[in-house]
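# Summary of structural features
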Amino acid sequence: EAGVAQSPRYKIIEKRQSVAFWCNPISGHATLYWYQQILGQGPKLLIQFQNNGVVDDSQLPKDRFSAERLKGVDSTLKIQPAKLEDSAVYLCASSFGELAGVYEQYFGPGTRLTVT
Amino acid sequence: SQQGEEDPQALSIQEGENATMNCSYKTSINNLQWYRQNSGRGLVHLILIRSNEREKHSGRLRVTLDTSKKSSSLLITASRAADTASYFCATDNRSNYKLTFGKGTLLTVNP
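Residues numbered from 1 in each chain as written. Chains lettered and ligands numbered in written order. Predicted model: local features only at pLDDT ≥ 70, side-chain atom pairs only at ≥ 80, totals over all residues. Heavy atoms only, no water.

## Notes on the sheet that holds strand 1 (residues 5-7) of chain B
Residue and element names in this part refer to chain B. Spatial ordering of the open sheet is given by 1-3-8-7-6, a layout of 5 strands whose pairing is antiparallel. Looking at strand neighbours, the two that pair on one side only are strand 1 and strand 6 (55-58), the edges of this open sheet. The average angle at which neighbouring strand axes cross in this sheet is 20°, direction not considered. Bridge analysis of strand 7 (residues 61-66) against strand 8 (residues 71-76) gives 6 bridges, and the strand direction is antiparallel. Its bridge partner being in strand 8, Arg62 is matched across the sheet by Leu75. (Pairing = 2+ DSSP bridges. Helix = DSSP H or I, 4+ residues; strand = E, 2+ residues; numbered from the N terminus. Axes fitted to C-alpha atoms, helices over the stretch in contact; angles between N-to-C directions.)

Set out below in structure tokens:
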């Protein structure tokens, strides 16, 4: 089966610019996650969708980050305006069920963002 | 905040040796998962162990869970150079199943 697709793979922008990432989950997976992974650390959950509804966005910096999953399939994550500390790998994952601890998550290759 | 903490932070062994990584966590869990991340295949799920299980095997992997000590270990037997990667434990929150990753152990297997 096809895996989780993400684009772009790399992005370099200047601070205060905006950027958007795209993710297409595995077909049939209702749950979609966006994680931020800073170098040397584990992934940190930014937002979890169940179909097109938000389950958890408690760690999403809502003043600059936004995400949507309008038709319950693919999703976009946007940063506007970007800060230097946003430099990280942004990972998208999907799973069959809503309970994150119960189901295996399938991760995409990630987008490496560098903010200069 | 990160629930699980892996130990050691880095581990270097020779091919054929066994590698053991540990994970400690602070609050009660429902399940604990181990993931591997390398540059070639990204982040990949390895194994899930439930709080009522004590040990689980998958190929060359053996995971143990001690809920009384709030700790888990991942053993990789007969390691290969291809096992070189970062290994993360991920624990869920007993009340809402939210998954939290640790900082990981960087394993290097030298040929």
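Further notes follow.
## Here's the deal with the interface of chain B and chain A
Contacts between the two partners involve 17 residues from chain B, matched on the other side by 19 residues from chain A. Summed over both partners, the interface of chain B with chain A comes to about 1500 Å²; 54% of that surface belongs to carbon and sulfur atoms. Interface area lost by chain B to chain A is led by Leu43, Tyr97 and Lys98 of chain B, which between them contribute 33%. Between chain B and chain A we count 0 salt bridges in total. Joining chain B to chain A, the criterion identifies 4 residue pairs in polar contact (both at pLDDT 80 or more). Every element with two or more residues in the side of chain B that touches chain A is listed here: strand 4 (31-38), strand 5 (42-50), strand 9 (85-92) and strand 10 (99-101) of chain B. (Contact = heavy atoms within 4.5 Å. Buried area = accessible area lost by both parts, 1.4 Å probe. Salt bridge = Lys/Arg side-chain N within 4 Å of Asp/Glu carboxyl O. Polar contact = N/O pair within 3.5 Å; in protein donor to acceptor, adjacent residues only side chain to side chain.)

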